[in-house]
Amino acid sequence: MTRFPKIAVLSIALPVLFILVLICRDRGLNPFIGADDLSKLIREDEPTSEDEINGENQLSSDKLLGGLLAPNFTKRDCLSRYQSISYRKSSPYVPSLYLVSKLREYEKLHNRCGPDTESYKNSIKDMVSGQNDSSSECRYVVWIARAGLGNRILSIASAFLYALLTNRVLLIDEEPEMANLFCEPFPNATWLLPKDFPFMYRISRFKQNYAKSYGNMLKKNKINASTELLPTHLYLYLCNDYDHHDKLFFCDQDQTILRNIPWLIMKSNLYFLPSLFLMSSFEEELDKLFPDKEMVFHHLGRYLFHPSNHVWKLITSYYKKYLADAEERVGIQIRIFHKNSSPFQQVMDQILSCTDKEKLLPQVDMGKSIVAPFGKGKSKAVLITSLIPSYYEKMKNMYLKHPTLNGEVVAVYQASHEVTQHTMKNVHNQKAWAEINLLSMMDVLVTSAGSTFGYVAQGLGGKRPWILYKTETQKIPDPVCGRAMSMEPCFHCPQVYDCKAKREVDTATIIPYLRHCDDLYWGTKLFNSSSQKP
């Protein structure tokens, strides 16, 4: 072979060989793949094999999560229920024995009163006929969806705690976009509202100004504590645009009325749970259920929300393929609410400043290029979740092309590139639910202020994230981020009314464990009373 053909062959072969070496570097971490791979996994989904059902049995002795989960489920029906602990670090936060016993009592109630039981059928007949049977043990909260998946999960958890406190059965109106996301949480029963529920046509058009909502009936003086003939059902509007009369739901005197209504139909997109702690009628029970006030969603979320087998396969397949071999996993959740006040480069600089300042990710030497594969340093996998792919592309290229100053090997992944939110599409919600769970499996978490997506991930994972503070102007905030003081989600739209004093008040000042959020100053969240205020 002459000299020039040899040079030509080498000029082609060496770059190819270099890329192959990079791909194989560092125990299989591959920074070239992983983008939008959930779409591929959805298309390639196959039936679950017996090996997947029986083979992943190396579970911790705490597979029941400290007693949160009932043992009498068929494993095949919901693989994630008992397998999730293999992917998340074992939680040091143990539920109270009282909460565990209360959950078992609730499951028995749900079995006696849930859909397809005689009690349920009789209650439906009474509701349609207008007969209010106050002696029946079966009373219900029907939850109706609004907003994105994170909001829905948080509001369902709130509705469930309310059901637990008031001895009601929780039923979920599952819209098509939510189908096959979650396993049934209660043994031998369904929490799905039957499609032949009598007032489905009203549910679909139930908004804040609905005449038969509790708030509007109060406003028009059509119901009060002295009303003798109470309706069989009422509509509760607990969404971000609710008004003063809707918020009277959080007053003890109004609960006296509501406890005599067999069916409460609730539309909510809020984590309104913190305000239940302001009500004296629930105070003693809540203290026994949750001695540790920062663990409410952590316990309820892990009890209620288990990915369906279809979604679980997406989660575990992605995790094993891209994340499992890393020595440390870092999740970065990016939510842009207002593009005008959050230009791309500004947010990118904020993220890098945060991860550098908190020593979450290593700096790179931008003056050098990687000319040989590195593999001796600690390996880190970074999972980015964002509707905008540019953050992933920027960070991936940075760590791919330039060496880190400390020799660590960093691979960057993004599981989906949706660009825009498609709340009403089932496939979009499958990806979102998969990404939330993947984030919850990370060792370290960075989240965006005010994002319910991040709230759910941190709660399921039992982590206090570093919060990327919100920008109000086109300037990087100072400080750029901070460690969350509590892993509890923020209630974005709390009431500002003292029911006893009958006046406006800052409700974050009434009890020691309810304070303003560290990411949204107007919101409220639960803290341990011994924690220092942020």
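The structure presented is a predicted model; accordingly, all values stated were derived computationally and were not measured.

**Let's talk about the sheet that holds strand 5 (residues 328-333)**
Sheet architecture is open: 6 strands sit in the order 7-6-5-8-9-10, paired in mixed fashion. Looking at the sheet topology across the chains shown, the edges are occupied by strand 7 (409-414) and strand 10 (481-483). Each strand of the sheet is rotated relative to its neighbour by a mean of 20 degrees, with strand direction disregarded. Here strand 5 runs beside strand 6 (residues 379-385); their pairing, made up of 6 bridges, is parallel. Directly across from Gln333, in strand 6, lies its bridge partner Thr385. The sheet strands contacting helix 19 (residues 452-461) are strand 5, strand 6 and strand 8 (444-448), and the helix crosses strand 8 at an angle near 160 degrees.

**With respect to the pattern of salt bridges**
Pairs may arise between side chains of opposite charge once their charged atoms sit close together. Within the structure shown, the criterion is met by 16 salt bridges. The shortest N-O distance in the salt bridge between Asp443 and Arg329 comes to 3.8 Å. Taken together, the residues Asp443 in the loop between helix 18 (426-440) and strand 8 and Arg329 in strand 5 connect sequence positions 114 residues apart. A residue is classified by how much of its surface remains accessible, and Asp443, at 22% relative accessible area, is partly exposed. A single salt-bridge network, built from bridges that share partners, covers Glu328, Lys378, Lys380 and Glu408.

**Here's the deal with unusual backbone geometry**
With omega at 5 degrees, the peptide bond leading from Asp478 into Pro479 counts as cis. With respect to the helices and strands, the residue Pro479 is situated in the loop between strand 9 (466-468) and strand 10. The backbone of Ala147 shows a phi angle near 75 degrees, a positive value even though the residue is not glycine. Mapped onto the elements, Ala147 comes out in the loop between strand 1 (140-144) and helix 7 (149-166). You can call Ala147 partly exposed: its relative accessible area is 28%. The backbone of Asn188 sits at a positive phi, close to 60 degrees, despite the residue not being glycine. With respect to the secondary-structure elements, Asn188 resides in the loop between strand 2 (169-172) and helix 8 (200-203).

**As for the state of the cysteines**
Enumeration according to the criterion identifies 5 disulfides in this entry. Across the disulfide from Cys251 sits Cys499; the S-S distance is 2.0 Å. Torsion about the S-S bond of the Cys251 and Cys499 cystine: about -75 degrees, corresponding to left-handed handedness. One end of the pair, Cys251, is in the loop between helix 10 (244-247) and helix 11 (252-258); the other, Cys499, is in the loop between strand 11 (497-498) and strand 12 (503-504), with 248 residues separating them in the sequence. For Cys251, a relative accessible area of 1% corresponds to the buried category. Judged by its relative accessible area of 13%, Cys499 is buried. Note on cysteine connectivity: Cys354 is disulfide-linked to Cys481, with sulfurs 2.2 Å apart. Sign of the S-S torsion, about 95 degrees for the bond between Cys354 and Cys481, identifies this disulfide as right-handed.

**Points about the pairing of strand 8**
Taking burial as the measure, the 5 residues of strand 8 include 5 buried ones, the bulk of the element. Taking every second residue as pointing to the same face, both faces of strand 8 are buried, with Val444, Val446 and Ser448 on one and Leu445 and Thr447 on the other. Bridge count for strand 5 against strand 8 is 3 bridges, and the pairing is parallel. Across the sheet, the residue bridging to Ile332 is Val446, located in strand 8. With 3 bridges connecting them, strand 8 and strand 9 associate as parallel partners. Note that in strand 9 the partner of Ser448 across the bridge is Leu468.

**With respect to the sheet that holds strand 1**
Strands sit in the order 2-1-4-3 across an open sheet of 4 strands; the sheet is parallel. The open sheet is flanked by strand 2 and strand 3 (233-238), the only strands paired with a single partner. Pairs of neighbouring strands in the sheet enclose a mean axial angle of 25 degrees, with direction left out of account. Of the strands in this sheet, strand 1 and strand 2 touch helix 5 (residues 97-113), which is tilted by about 65 degrees from strand 2. Of the strands in this sheet, strand 1, strand 2 and strand 4 (263-268) are in contact with helix 7, which crosses strand 1 at around 170 degrees.

**Regarding the pairing of strand 4**
Most of strand 4 sits out of view: 6 of its 6 residues are buried. Residues Trp263, Ile265 and Lys267 point to one face of strand 4 and Leu264, Met266 and Ser268 to the other, with burial holding for every one of them.

**Things to note about the confidence of the model for the protein chain**
Summarising the model, the protein chain shows a mean pLDDT of 87, and 86% of its residues fall at 70 or more. Across residues 16-33, confidence stays below pLDDT 50; counting only partners more than four residues off in sequence or on other chains, it has 44 contacts. For the stretch residues 55-61, pLDDT sits under 50, and the model shows 13 contacts to residues farther than four places along the chain or on other chains.

**Brief notes about the packing of helix 14 (residues 296-304) against helix 19**
Between helix 14 and helix 19, the least distance of the axes is 8 Å, while the angle of their chain directions is 85 degrees. By the angle between their axes, helix 14 is roughly perpendicular relative to helix 19. For the pair helix 14 and helix 19, contact is made by Phe297, His298, Gly301 and Arg302 and by Tyr455, Val456, Gly459, Leu460 and Gly461, respectively. Residues belonging to the contact of helix 14 with helix 19 are distributed by class as follows: 4 nonpolar, 4 polar and 1 charged.

Analysis parameters
Residues numbered from 1 in each chain as written. Predicted model: local features only at pLDDT ≥ 70, side-chain atom pairs only at ≥ 80, totals over all residues. Heavy atoms only, no water. Pairing = 2+ DSSP bridges. Helix = DSSP H or I, 4+ residues; strand = E, 2+ residues; numbered from the N terminus. Axes fitted to C-alpha atoms, helices over the stretch in contact; angles between N-to-C directions. Contact = heavy atoms within 4.5 Å. Salt bridge = Lys/Arg side-chain N within 4 Å of Asp/Glu carboxyl O. Buried < 20%, exposed > 50% of the residue type's maximum accessible area, 1.4 Å probe, protein only. Disulfide = S-S within 2.5 Å. pLDDT = per-residue confidence, 0-100. Parallel < 35°, antiparallel > 145°, perpendicular 65-115°, else oblique. Nonpolar A, V, L, I, M, F, W, Y, C, P; charged D, E, K, R; others polar.

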